[in-house]
Amino acid sequence: MHRVVVSESMSELIIKDLRASVADKEILKGVNLTVKGGEIHALMGPNGAGKSTLGNVLMGHPNYTITGGSIKLDGKELTNRTPEERARAGLFLAFQNPVSVTGVKLSSFLRTAYKQLHPEEKVPLSEFQARIKDHLKKVGLDEEFLSRSVNDGFSGGERKRVEILQMVILKPKIVVLDEIDSGLDVDALKLVADEIRDYYSQEVGFLIITHYQRILKNIDPEFVHILMNGKITMNGEKSLALKIEDEGYDWIRSE
Amino acid sequence: MEVELSKDEQIEKLLEDLRTSNIKKDDWEFHDADRSIYSTGIGLNRQVVEEISEIKKEPDWMRRFRLKALEIFLKKPVPTWGPDLSGIDWDNTHYYTRPDEIKARNWEDVPDDIKNTFQKLGVPEMEQKYLAGSVAQYDSEGVYHNLKKVWEDKGVVFMDLDSALKQHPDLVKNYFCKAVPATDNKFAALNAAVWSGGSFLYVPKGVQIDMPLQTYFRMNGEATGQFEHTIVVADEGSKVHYIEGCTAPRYNTDSLHSAIVEIYVQKNAQARYTSVQNWSKSVYNMPTKRAWVEENAQMEWVGGSLGSKVTMLYPSSYLRGPYASTHNLNISLAGPGTVKDTGAKAIHLAPHTSSRIVAKSISIEDGKAIYRGLLRMNKGAINSKSHVQCDALLINDESTSFTYPHDEIYEPTATFGHEATVGRIGTEELTYLRSRGLSEEEASSMIVLGFMDDVMKEIPMEFAVEMNRLVKLEMSKMGAVG
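Engineer: Would you take a moment to explain the sheet that holds strand 4 (residues 64-73) of chain A for this structure?
Structural biologist: Sheet strands associate in pairs through backbone hydrogen bonding, adopting either a parallel or an antiparallel arrangement. Residue and element names in this part refer to chain A. Judged by pairing direction, the sheet is antiparallel, and its four strands sit side by side in the order 2-1-4-5 without closing on themselves. Edge positions in the sheet fall to strand 2 (25-36) and strand 5 (76-77), since each has one partner strand and no second. Strand direction decides the pairing type here: strand 4 and strand 5, joined by two bridges, are antiparallel. Each bridged residue has a counterpart across the sheet, and for Leu73 the counterpart in strand 5 is Lys76. On the sheet, helix 1 (residues 51-59) packs against strand 1 (12-22), strand 2 and strand 4 and is oriented at approximately 70° with respect to strand 4.

What follows is the structure, encoded as structure tokens:
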């Protein structure tokens, strides 16, 4: 295992004893996890363990209530912040089921978002459009997606590709990918994984939430965590993911 | 690097410029000092009508027509089947207000303060950039009209109706109040009695005008009625796009706008009528708009209706010849305190006629948007078809929307369909946009603008930008959404 030496200025997401509930039912029961720039973490776990809840809670989805603990990014307290404040702090969530927003064009949406996230940068419209076109191509989508409504009429796989496109364009520091591999065929998965690898750098930390380890064949995680019943019950390396592939989760339950 | 931008990109760019220019107030709600040099005073009676006719030195038939219409107006009750109109102060309204004795054909000749008003509204720039001709009306009178020479040479007539009545009396008489008779409704009768200004546009046989023609109406005086009367004639095989923009400043006393628009689309002709109205919130907006569509002719109504206290607007198409068609696309924004009672009428009188109506509405705070439509398919309108789609978007919990479609189908081979949707700005959509850094306000205005997008695509860019700006303004005024 290659430990990366992290300088103080690098991104760092610290999740401490995070508890959250939805409709008064506690789902997260004290999650501890730190993701730093240059690190790739995989979060695995059986259905209903609270994996997607963690993604949504990190992003500040209003349907979830944080009942305890904290979320910090680069020392900035995000626990009770709005989704936009979290995004502006550098957090990005690729949603498991991205919703469609009829009438809102992908290009103008990204343009507006970019200005909020990087107000100091002045990218000319034509250059910005060119960037999007370039990455559309890289994830295997046609240029016409630029002027289509966000996710409107997109297939499941197209939505996932567009999530990755958004990640690359918006340049977040900490990326949470929730089941990014679901709905993608082998070829599409390869394109998406290539984009993720291209985007990966010492400045960006990844938390890859996945049920199966399919995506992990294309992207090597350094750390693997197992979430069960709202808590991280085991931490390990890539070998842990491989063991789960062979043996499932039952052996962890019994430990 | 300068690259060719698509229309979408151009709109985006303009919007960006607008965002950075930091517009805070309702720019169009400014008002000039009262510069009317003559008004018939408040209230309406026979003498006022005689006076208007006298000032205009009209032919006698028009004077008699006005007086007859006045009688009809006085007899007809105020309609009670729709929004509350009890706030119209008939006795304290000025029915005729004239700014100055001017009829300019050149912006330089328009008095400075009036010219400034239109400049603030961007009218002269638009004319220069993309119009085939324009007319500007200030209170009751047209103050400016111009038509590019190439179209004048082809026999196109475009001027305010008063000038047309003098210069082309027979042509005007042929069409005046034919599609909309004075007996149609109380407000039509009122217009017929006291009309002043409005446009007259005649496009001769086979002439196809590729640039739009535009009229801009500005209502400046307080407690004033504006009663313009517009006639568009697209003669056989011609093609024309006519645009209207209307604004008025905000006053404490309510004003009344009651226009008539008559459009005659002759055999094989195509006409498009676009109107973008941003009335201020003290205006009762009660126009009657109607088109007669003949054999194989096409009529398109495109409308964006913003502001006003109450609006009742139902552009109608009478499909009089076989294969005549109409397409009606309208968006209404019912802001706080506004009632928008809007819709469309399609009357199928001949075989193989078709109509398509798309009505969208947005209600903000206690704004109330109503779709009211009439679809009639007469016996003999064989194989005719119609489709009506109403989409409503509600922004706040107290926002409301109602749909009252009325169908009268007398022809068994006719087919028709209705679709209606009501949406709210949903948490999931908002959260998704916000998770990418957009504020709640930004996210909701993006959703609203997205909802309007298919209308935006159909209206000229400058108007689309203006609509966008106004919607953003409404959204930003309301603060928290949801």
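Here the narrative resumes, following the displayed structure.
Engineer: Explanation requested: helix 10 (residues 427-434) of chain B in the structure shown.
Structural biologist: In an α-helix, one full turn covers 3.6 residues, which means residues spaced three or four apart are oriented alike. Those residues of helix 10 of chain B not exposed but buried are Leu430(B), Thr431(B), Tyr432(B), Leu433(B) and Arg434(B). Packed against the buried residues of helix 10 of chain B are helix 2 (83-89), strand 7 (101-105), helix 3 (106-117), strand 8 (149-150) and helix 5 (156-170) of chain A together with helix 11 (440-451) of chain B.

Engineer: Any chance you could explain the packing of helix 2 (residues 46-56) of chain B against helix 3 (residues 60-75) of chain B here in plain terms?
Structural biologist: A pair of packed helices is captured by two measures, namely the crossing angle of their axes and the spacing between those axes. Residues and elements named next belong to chain B. Two elements in contact, helix 2 and helix 3, have axes separated by 10 Å at closest approach and are oriented at 155°. By the angle between their directions, the pair helix 2 and helix 3 is classed as roughly antiparallel. Read as a crossing pair, helix 2 and helix 3 show a hand that is right-handed. Contacts between helix 2 and helix 3 involve Arg46, Val49, Glu50, Ile52, Ser53 and Lys56 from the first element and Arg63, Arg66, Leu67, Leu70 and Glu71 from the second. A class-by-class count of the residues in the contact of helix 2 with helix 3 yields four nonpolar, one polar and six charged.

Engineer: What is the right way to read the sheet that holds strand 11 (residues 223-228) of chain A from this model?
Structural biologist: All names here are of chain A. The mixed open sheet is built from six strands, whose spatial order is 6-9-10-3-11-12. The open sheet has two edge strands, strand 6 (91-94) and strand 12 (231-236), and neither has a second partner. In this sheet, neighbouring strand axes are inclined to one another by 20° on average, regardless of whether the strands run parallel or antiparallel. As defined by bridge partners, strand 3 (residues 40-44) adjoins strand 11 across four bridges and the pair is classed as parallel. Its bridge partner being in strand 11, Met44 is matched across the sheet by Ile226. Helix-sheet contacts for helix 1 involve strand 3, strand 6, strand 9 (174-178), strand 10 (205-210) and strand 11, and the interaxial angle to strand 6 is about 140°. Packed onto the sheet, helix 7 (residues 238-247) meets strand 3, strand 11 and strand 12 and runs at close to 50° relative to strand 11.

Here is what the cut-offs are and how they apply
Numbering of residues begins from 1 in every chain and follows the order in which that chain's sequence is written. Ligands are numbered from 1 and chains lettered from A, in the order in which they are written. Residue-level local features of this predicted model are given only where pLDDT is at least 70; pairs of side-chain atoms are given and counted only at 80 or more, and the full residue set underlies all totals for whole chains, interfaces and linings. Think of the side-chain values as coming from all heavy atoms in the structure, minus any hydrogens and water. A strand pair is defined by DSSP finding two or more bridges across the two strands. Think of it this way: any DSSP run of H or I at least four residues long counts as a helix, any run of E at least two long counts as a strand, and we number them from the N terminus. By definition, residues are in contact when any of their heavy atoms lie within 4.5 Å. Inter-axis angles, ranging from 0 to 180 degrees, are taken between N-to-C directions of lines fitted to C-alpha atoms, where helices are fitted over the stretch in contact. For every residue, the accessible area obtained with a 1.4 Å probe (protein chains only) is divided by the maximum for its type, and the residue is called buried under 20%, exposed over 50%, and partly exposed between those limits. To sort the angles, those under 35 degrees are grouped as roughly parallel, those over 145 as roughly antiparallel, those from 65 to 115 as roughly perpendicular, and the leftovers as oblique. We call a crossing left-handed when the near helix sits turned anticlockwise from the far one by less than a right angle, and right-handed when that turn is clockwise. Each residue gets one label: Ala, Val, Leu, Ile, Met, Phe, Trp, Tyr, Cys and Pro are nonpolar, Asp, Glu, Lys and Arg are charged, and the others, such as Gly, are polar.

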